Each structure stands twice: as structure tokens, then as C-alpha cells.
Amino acid sequence: MFNIPFLDLPALGAVSGTLRLPGSKSLSNRALLLAALSDGRTTLRGLLASDDTRVMLDALRQLGCGVEESAAATVVIDGLGGAGSARRAPKADLFLGNAGTAMRPLTAALAVLGGDYTLRGIARMHERPIGDLVDALRSLGCSVDYLGTPGFPPLHIGQPSLRLDAPIRVRGDVSSQFLTALLMALPLAATQQGITIEVDGPLISKPYVGITLGLLARFGVAVRRHGWERFEIPAGSRLRSPGELVIEPDTSSASYFIAASTLSTGTASEKTLEIEGLGTDSVQGDIHFIDAARQMGADIEGGAGWLRVRPARLPLRAIDMDCNAIPDAAMTLAMLALYADGVSTLRGIASWRVKETDRIAAIAAELRRLGATVEAGDDFMRITPPPLADGWRAASLHTYDDHRMAMCASLAAFNPAGLPVRIENPACVAKTFPDYFEALFACATPAADTAPVICIDGPSASGKGTLASLLAQRLGWHYLDSGALYRAAALAARRAGLLDTAPDEHAISALVGALELRFDGARLLMGSEDVSDAIRSEQAGMDASFVAAMPQVRAALLARQRAEARLPGLVADGRDMGSVVFPAAPLKIFLSASAEQRALRRQKQLQERGIAANLDSLCADMRARDARDTNRAAAPLQAAQDAVLLDSSGLSIEQTLEQALALWHGTQPFQ
């Protein structure tokens, strides 16, 4: 996950490959709660690992549930129904973050069961309405009190005096989660008599209620539905574990990849994205996003458990559509509307205003940043795309701490103008899809030949490695320590005996070309061996300087270094990164410092390792090494013509990092 202030995406091009998405959020939290309320042990496979499921699991543990987590997204729940009721904690203070799929159903279930419970969340959760659910529960005889603003969490739940003789009424036009919460909780009270729920007004997001009914059936409760206005829970209902339940991948998450593949470059025969485990037979309502995308021109095939998407002919067709049934995936349609041939209108989206943020206002604001014209109302949005490619604007997009805003924002990187996109607070995707950007980068390629690269070159002990590593961390980019590659090459040559006698440059370069070298975070693997420590010896350093002067060895490592330029970008340090390896890099920094300052830094490094060192000798060595590196025939140490010179002599590493970041910001077109 990219836990950084912002993530810069270059313009993206082709999307292809095979993808398996994490489990559905809607199915995961519903299944967790039903398993917790049921009688018996339930094994849930394919469960989503995210912030929303984490707060639900934490709450279930506090309530006394047995929870066993294992690998492969599998969780085992020992329910609190039947004999398990003795384990239920009568009192708890539950923190539920911003998870509506945890707050609403847990409120209803605990209100029916009764106890001494407090339910709270982050500030935004305390702005999301829950009054209609509370009113319905109070009419049933439940004890629910507001601890802050009436109509909103936090809540306190006490002991109920249930009244089951009349239908329970709940509004359906604000959030379908209110009805879902009642449907999941009321089987707990229907042991002796049936219970009827009646919906006031039109019910939005009906497919999500359909998910709830389907899961209830798996847990042994067959709710009788009369249209979408009346629901009957039969007398004698009891939640019973189905034993095992497999959670299918999330269709809302799939919508971003379907859209990305639709917008990608290349011919349909060349670029295909396969989505495994999710198909047109999905029980999730957002699967109907496929129908809407096809109306716009998307090329999508599918069947039971599979989808195949190919690039569409652009521009897409504008649509006018009621999105009531696909409220989450409709946000993806808003992004596709940027690539349409005219004005698109999305209707039935009033529920956007009570989500993680006011999504109508948020989407409208961010589309305008990109160059679109947007008209927004209480229940609709009308989007006019940017006029031609030159109408697009490079933008730093706000995400409002809303996971879907961040994932939608990534689709702007497919813009026809080839402009980069900055996504603020990308870590908010943790709510439902922590590895979203990693999954996108695994199947997408940059529109340019390579991902963007920042080169940090400079003499020995200038601090270029430390700066490059920190800069890569701050940007969320990959890091290439070119010196480590040369040290690993020298280590392999030394082990092979190629440095013991008269060196054979051809033999050494052949060995280097065949080496299996791979960076794994800060580690360097040679085959399966971690050589990170071995290459840091004094001998390895001297050997590296020796082999680095060999043109054939440098040529053998050139393609390997260039292959490290991967999405979202690369920070590379060395002595010829900007001049030879990445001559087209958008930012090249030549980091320098006085020989005296570099010698002082090297002395400190050696002293920390328990090695005594004379400062004057080190300073003389620095000057001698600079002369050798500057005058050698193979890739001499010199700044690229377009490099920015940065003298760090009087700067701390933090100050140097801030200057490097400022230089990067200066290359970007964001306003």
C-alpha cells in the first residue's frame, strides 16, 4: 500500500494480463456478522482484507466471538448463537472507523440482543446519517441513544423491550443499509413469531438488499419478499452456520480495471485483460456496470467466474442512465464519461451524498479540475468531457479520504493528452482494496516508452544512495542502487575465480550477463541467495570499482538497469544514471559535496562500524578516486548536460531531500 502524501502517475497506456481481485466488501462484512450471530462454526474463504473488514473483526472479538485468521484470506468464526451465546460480552466500546457495512448492521443486531454497548467511528462516520435505522429500532422497543448530534453516530445501546406485534417501518430512499441491518438482525427476535418489515418510499440500491437476502438464505433464514416494499421473516427463524462460504471477488473493484482496459491503447487482439473468479453470474448488483460500460462501447465478454476486456474504440458513447442499482460503480461511469463523444447524464445517485464523503460534490469538483464541465443536482450529474485532447488539464486530485475517489482518480491517467495525474492520500484505498495501485501497476504500462525516472548521480560518499533511497520512499517509487549491481557482479566474478589472475573481460561480462539478480525492497538477491551483506565488504567495493571500468561489463548491466524502470517510477543512483543509463529521465540531479565533507561522512560511517580511520587519509583518497572516476574511459564521472547540480556540503540529509522533492515538483504540470 502507498502510505505517502501523494502518488504521481504518469500517463498510462496499455492494460493486459490476468487479474484476481480481493473479496467483495459487501459480501465480506455481511458474512462476518451473520457468522458471528449464527449457531456453529463458519469458515469464510476469499474474505476481503481491508480497513472495513478489520474493524468488523476487531468488534466481533470484543463481543466474544472466536476468530481465527489464516493465510489465503480464510477466517473461521465461532458464532454467538445457540450454545455460543454464553460467550457474548454484555458490554463493549466498539470503534468502527468509517465502515457503514459494520456500523449499521452491528447497531441493529446489538440493539435487538441488548446490552451496554457504545458504537463510534471516525469524524466522517459521525456525519453519516443513521436516524432512520434508529427510529425503526426504537419502534421495535430497542434502546438506542445518540451520544452526539441526533440522527448520527456515536450511539449507546441498552436493553430492549421488544414489541413484535406490528410491522416495522423503515425508509428506503436514503441508504439500503438500513433495511439490510434490520433483515440481518431481526431473525434473532423471530424465534416465536414472524416479523414484517415495510419500506417507506422507493428503495434504492435494490441489488445490495438482494445480496443480504441471498446470504440470509445460506445461513438458514428464508425471508419472504413482496416486491421491494414488504419483507417477512418467518416465525422460528434461526441463523445457522452453513459450514463454509466462499466470498466472490468485489465487482465494484472490478469496475476500475474494466474501465482501465476499455481505455487502454493497443488493438483488441494485442491487449486483453482477464479477470478470474468473477463473472456475469455474480450475485453482486454492481455486475450490471458491465451493461452500462457496453452501452458506452466497452468490449467485454464473460461467463461463470470469468471476464475478458479489450480496448474499446474511442471516443466512447455518451449515456443517459439511471444508476440507482449500481451506486458505487456509477462513480466509475462518471470517469468513463470523460472519454465520451458528448454529454453523459447519471441519475439516481442521491445516495452518493451520504457515503464516505459527499461524492456528488467531490466527483464534480475533481472532474472540473481535469477540464470537464459538470452540472450536479441532488440526484443527478451531467458531464461534458474536455474538448479534445488539448482540453485536458494536469491535476492534483483530492481524494477526501474516500477509497473510491482515489481509485476513480487513477482512470484519469489514461487521458488522450498524455498528462500525468497526482493522487493525494492514496492510502485511503485501504478501506476496501489496500493493494489497488500495486494491482493496477502490475497490468498497466506507461504511455511513454518507460516509467518516469529520477537520476541521482555523484561522486563517492556524496550521499547519493541515501538521498535516492529516501526520495523513492517519499514518492512511493522503486529504487535502483546501481552500485549494488556492480558489487554483486564483482562478488560473482571473485567467487568464480575470474579476478584471481589476469582478468578476462569477456568471461566476466558473460558471467554478469547470465546472473539472476533481483531487488526485493532493500535486499539484493543473487538467485535465491541474499547477498546484501556480502557485497558491502571492503573487498567487494574494490572489486566493484575494478569491474565497473570494463566497458563489456557495463554493457552487460545496462539492460538490467533499464529494466528497473517500472510503474509508478524509479529513483536510480550511480555515476552515469543520467548521462548513459537513463538519458531521457525527466529529472537528473548531480549531487556533490566537498572532498572534506565527504571524507568526514565516510569517517563517521567507518567509526559506526568500529573501524578507525584518519580524516586526512580519507580526504586524499576521495580526491584520488574522483580523479580516477573522472578520467576513466568507460562512463567517466560527469554530470549530464541537463542535470541539476545540488551541493549538499552544508545541508542535512533532510534538507537535501526537501530540495530534491522541490526539483521534482518543479518538473510537474500540476496546478
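Each remark here, short or long, concerns the structure printed above.
What this report covers is the structure whose coordinates are included nearby.

Reading the values: the criteria
- Residues numbered from 1 in each chain as written.
- Predicted model: local features only at pLDDT ≥ 70, side-chain atom pairs only at ≥ 80, totals over all residues.
- Heavy atoms only, no water.
- Helix = DSSP H or I, 4+ residues; strand = E, 2+ residues; numbered from the N terminus.
- Buried < 20%, exposed > 50% of the residue type's maximum accessible area, 1.4 Å probe, protein only.
- Contact = heavy atoms within 4.5 Å.
- Areas by Shrake-Rupley, 256 points an atom, 1.4 Å probe, with all protein chains shown as cover.
- Lys, Arg positive; Asp, Glu negative; His and termini not counted.
- Charge placed at Lys NZ, Arg CZ, Asp CG, Glu CD.
- Axes fitted to C-alpha atoms, helices over the stretch in contact; angles between N-to-C directions.
- Parallel < 35°, antiparallel > 145°, perpendicular 65-115°, else oblique.
- Left-handed = near helix turned anticlockwise from the far one by under 90°.
- Nonpolar A, V, L, I, M, F, W, Y, C, P; charged D, E, K, R; others polar.
- Core = buried A, V, L, I, M, F, W, Y, C linked by side-chain atoms within 4.5 Å.
- Pairing = 2+ DSSP bridges.
- Salt bridge = Lys/Arg side-chain N within 4 Å of Asp/Glu carboxyl O.
- Expected span 1.5 Å × (residues − 1).

**As for the overall build of the protein**
Scanning the protein for helices and strands turns up 21 helices and 33 strands. A buried classification covers 57% of the 671 residues belonging to the protein. Long-range contacts, defined here as pairs at least 24 residues apart, represent 75% of the contacts in the protein between residues at least 6 apart. When the accessible surface of the protein is split by element, carbon and sulfur atoms take 51% of a total near 25,800 Å². Placing the 65 positive and 73 negative side-chain charges of the protein at their respective mean positions leaves the two points 2 Å apart.

**Focus on the packing of helix α1 (residues 25–37) against helix α3 (residues 100–113)**
Contact pair α1 / α3: the axes reach a minimum separation of 10 Å and the direction vectors enclose 20 degrees. Taken as axis vectors, α1 and α3 run roughly parallel relative to one another. The handedness of the crossing between α1 and α3 is right-handed. On the side of α1, the interface is formed by Lys25, Asn29, Leu33 and Leu37, while α3 contributes Thr101, Ala102, Pro105, Leu106, Ala109 and Leu113.

**Quick look at the packing of helix α13 (residues 464–475) against helix α21 (residues 653–667)**
Closest axis-to-axis distance for the α13/α21 pair is 10 Å, and the angle between their directions is 55 degrees. For the element pair α13 / α21, the angle class is oblique. Seen from above, α13 lies across α21 with right-handed handedness. Listed contacts from α21 to Thr466, Leu467, Leu470, Leu471, Arg474 and Leu475 of α13 are Ile653, Thr656, Leu657, Glu658, Ala660, Leu661 and Trp664. Here the contact of α13 with α21 is built from residues that sort into nine nonpolar, two polar and two charged.

**Structural notes on the nonpolar core**
Ranked by size, the top nonpolar core spans 87 residues in total, and within it Phe257, Ile258, Leu333, Trp352, Leu367, Met381 and Tyr436 carry the most contacts. The element that contributes the greatest number of residues to this core is helix α7 (residues 251–263), accounting for seven residues. Among all residues touching Phe257, those that are not within four sequence positions of it are Leu19, Leu21, Leu273, Phe433, Tyr436, Ala439, Leu440 and Cys443. Within the second largest apolar cluster, 80 residues are counted, among which are Leu96, Ile130, Tyr146 and Ile197.

**So, the sheet that holds strand β13 (residues 224–226)**
Taken in spatial order, the four strands of this open sheet run β11-β12-β14-β13, and their pairing is mixed. Of all strands in the sheet, those bounded by a partner on one side alone are β11 (168–171) and β13. Averaged over all neighbouring strand pairs, the angle between strand axes comes to 20 degrees, with direction disregarded. Direction of pairing for β13 relative to strand β14 (residues 230–233): antiparallel, over a ladder of three bridges. Of the residues in β14, the one forming a bridge with Arg224 is Glu232.

**What to know about the sheet that holds strand β22 (residues 380–384)**
Remark on secondary structure: sheet strands pair via backbone hydrogen bonds, oriented parallel or antiparallel. Taken together, four strands build an open sheet; the order of strands is β19-β20-β22-β21 and the sheet is mixed. Both outer strands of the open sheet, β19 (320–322) and β21 (373–376), are each paired with one neighbouring strand and no more. On average, each strand axis in the sheet is inclined to that of its neighbour by 10 degrees, with strand direction left out of account. Across three bridges, β19 lies against strand β20 (residues 344–347) in parallel orientation. Each residue of the ladder has a partner; that of Met321, found in β20, is Leu346. In this fold helix α10 (residues 359–369) packs onto β21 and β22, with an angle of close to 165 degrees to the strand it touches most, β21.

**Some points on the pattern of salt bridges**
Two side chains that carry opposite charge are able to pair once their charged atoms sit near each other. Applying the stated criterion across every chain yields a total of 42 salt bridges. Between Asp173 and Arg171 there is a salt bridge, with its nearest N and O atoms 3.0 Å apart. Since its relative accessible area comes to 31%, Asp173 is described here as partly exposed. The closest approach of N and O atoms between Glu198 and Arg230, which form a salt bridge, is 3.7 Å. With Glu198 in strand β12 (residues 195–200) and Arg230 in strand β14, this pair connects stretches of sequence that are 32 residues apart. On the basis of relative accessibility, which here comes to 18%, the residue Glu198 falls in the buried class. Connected via shared salt-bridge partners are Lys25, Asp52, Asp328, Glu356, Arg359, Asp402, Arg404 and Lys431.

**Remarks on the environment of Arg54**
The topology assignment puts Arg54 in helix α2 (residues 51–62). According to the relative accessible area criterion, Arg54 is partly exposed, its value standing at 35%. Along the chain, Arg54 and Asp358 lie 304 residues apart, while their C-alpha atoms are 24 Å from each other. In contact with Arg54, not counting residues within four places along its chain, are Arg61 and Glu69.

**What to know about α3**
The terminal C-alpha atoms of α3, which comprises 14 residues, lie 20 Å apart, in line with the 20 Å expected from a rise of 1.5 Å per residue. For α3, a buried count of 13 out of 14 residues is recorded, marking the element as mostly surrounded by other parts of the structure. At the exit of α3 stands Gly114, carrying a positive phi of roughly 85 degrees.

All quantities given are derived from atomic positions and should not be read as evidence of function.
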